[in-house]
Structures are given as structure tokens and as C-alpha cells.
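Coordinate inspection notes
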Amino acid sequence: MRSIGKKTISALVFAALLGAAGAAKALEVAGVKVEERVQTAGKTLTLNGAGLRTKLFFKVYVAALYVEKPSREATAVISSPGARRVVLSMLRELDAETLYGALEEGLRNNLTDAERAVLKTSIEALAATMRAIGKVLPGDTVTLDFSADGLAIAHNGKPKGRIADEGIGPAVLKVWLGEKPAEESLKQALLGH
């Protein structure tokens, strides 16, 4: 009986340690639970990194970057032909103009005039899609799915628009991962640094 008790205790301790190890894998950023994997277009994407976007000391959103093949190199993620996803979990209320304005500023900071001219129609479609989302509230999610075919946008899991242009995905990823990212600490977090 005594050895059975020790085995039982050992098994319980082992199970508890396994549970604690599993819990350590779960990522939480600013109170937002970040999934380790997501499904999109029949593919499983793995979390590359996640971080907090702040503006003037205000917490704006938690961004999570999912990729087919994790990489710590921004150019590899941007230029990858594989599926990628950015999930923005909102922490503040933002109107549509503010939401799109931040993306537009990131595009302006990371693309040349010539690159923006080539993508003019797609950038206008991005603006229309983001404005159609309207106001976002704390707890809302904005999901951007990147593929070789373009960019699909969803709000709280509901599709809001698709831009069929192979150049728009890399351009939008530069908002967070480009030479002049929205926030350097967020870029590093998304790259798993």
C-alpha cells in the first residue's frame, strides 16, 4: 500500500509538472491571450511573436504574427510567399479614420513614392475596407491574412474585404516589420526577439 501511495504521489507530481510546463507555453500580452497556432486557408500557422502597440503611453492593441515557417528576420517574413497572419487585439476604442490613418502612416514611412504609386488602387481598397470596419472597441480583433494572392481582412472573425494584389501584403507587413516600423519594440516582439 505504501509503495502504491508513493507511486500515486509521484504520478500526481509528474502530471502537475507537465501541466505547469504546458501552461508556460501559453502566451499572454497585456492581458490578451495569444494562441500558439491558428488555421487559415487549410494551413496551420505558428506564432512568430506578439507584442504591445503603444502610442503616447496608451496601450492601443496587442499584435500577433503567425507564419508557416518562423523567422527572426523581417525581410524573410515580408517576402515569404507562404501564408501569414497578423491579429490585432484592440485595447482601446478607435474610430475608422484613426485605424486606417495608422496603417497609411506606416505605408508612407516604409514605401517610396514610386512603390505607393504602383499600389495606389490597392491602398485605396485597403482604406475603404478599414473605414468600412468603422469603430473598433476594446476586445475586438482585426485580422489580416496575407498570401501570395493578396490580403484578406476580417473584423471579429467576419470577412470585410479582400484585395487581390500580390504587392499589398508585403507593403502592409512593412507597417510593423519595415525599416521604420510603427514601434521598434513591437517589431522586435513580432520577430521573437
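Our subject is the structure listed above.
Computed from a predicted model, the values in this text were never measured in an experiment.

When you tally the buried positions in strand β8 (residues 150–155), you get five out of six residues, the bulk of the element. Where strand β7 (residues 141–147) lies against β8, six bridges are found, and the strand directions are antiparallel. Considered in β8, the bridge of S147 is made with G150. Bridge count for β8 against strand β9 (residues 158–163) is five bridges, and the pairing is antiparallel. Each bridged residue has a counterpart across the sheet, and for H155 the counterpart in β9 is K158. Here β8 hands over to β9 after two residues, with N156 in that stretch at a positive phi of 50 degrees.

Quick look at the packing of helix α3 (residues 96–110) against helix α5 (residues 120–133) now. Between α3 and α5, the shortest axis-to-axis distance is 8 Å and the interhelical angle comes to 155 degrees. If you check the angle between α3 and α5, you find them roughly antiparallel. As α3 packs across α5, the resulting crossing turns out to be right-handed. Only I123, L126, A127, M130 and R131 of α5 make contact with α3, whose side of the interface consists of A96, E97, L99, Y100, L103 and L107. Taken together, the residues of the contact of α3 with α5 sort by class into nine nonpolar, no polar and two charged.

Let us now look at the sheet that holds strand β5 (residues 58–67). The strand order across the open sheet built from seven strands is β3-β4-β5-β6-β7-β8-β9, with neighbouring strands paired in antiparallel fashion. Either end of the sheet is taken by a strand with one partner, and the two such strands are β3 (37–40) and β9. Averaged over all pairs of adjacent strands, the angle between strand axes in this sheet comes to 25 degrees, irrespective of strand direction. Pairing of strand β4 (residues 43–55) with β5, which is carried by nine bridges, proceeds in the antiparallel orientation. If you follow T54 over to β5, its bridge partner there is K59.

This next bit is on a nonpolar patch on the surface. Taken together, the side chains of L56, F57 and F58 define a hydrophobic patch exposed on the protein surface, amounting to about 450 Å² of accessible area. The topology assignment puts F57 in the loop between β4 and β5. According to the relative accessible area criterion, F57 is exposed, its value standing at 85%.

What follows concerns α3. For α3, with 15 residues, the first-to-last C-alpha span of 21 Å sits near the 21 Å given by 1.5 Å per residue. Among the residues making up α3, those that are buried are A96, L99, Y100, L103, G106, L107 and N110. Taken down its axis, α3 places every buried residue within 115 degrees of arc, on the same side. Looking at the packing, one finds that the buried side of α3 touches β6 (84–90), α4 (113–118), α5 and α6 (168–177). Here α3 starts with a cap whose side-chain oxygen sits 3.2 Å from the backbone nitrogen of E97, and that cap is D95.

Here R53 is to be found in strand β4. A relative accessible area of 12% means that R53 is categorised as buried. With residues near it in sequence (within four places) discarded, R53 still touches F58, K59, V60, Y61, A182, E183 and L186.

Rules used in this analysis
Residues numbered from 1 in each chain as written. Predicted model: local features only at pLDDT ≥ 70, side-chain atom pairs only at ≥ 80, totals over all residues. Heavy atoms only, no water. Buried < 20%, exposed > 50% of the residue type's maximum accessible area, 1.4 Å probe, protein only. Helix = DSSP H or I, 4+ residues; strand = E, 2+ residues; numbered from the N terminus. Pairing = 2+ DSSP bridges. Axes fitted to C-alpha atoms, helices over the stretch in contact; angles between N-to-C directions. Parallel < 35°, antiparallel > 145°, perpendicular 65-115°, else oblique. Left-handed = near helix turned anticlockwise from the far one by under 90°. Contact = heavy atoms within 4.5 Å. Nonpolar A, V, L, I, M, F, W, Y, C, P; charged D, E, K, R; others polar. Patch = residues over 30% accessible without salt bridge, like charges linked within 9 Å, V, L, I, M, F, W, Y side chains within 5 Å. Areas by Shrake-Rupley, 256 points an atom, 1.4 Å probe, with all protein chains shown as cover. Salt bridge = Lys/Arg side-chain N within 4 Å of Asp/Glu carboxyl O. Expected span 1.5 Å × (residues − 1). Arc of directions from axis to C-beta. Polar contact = N/O pair within 3.5 Å; in protein donor to acceptor, adjacent residues only side chain to side chain.

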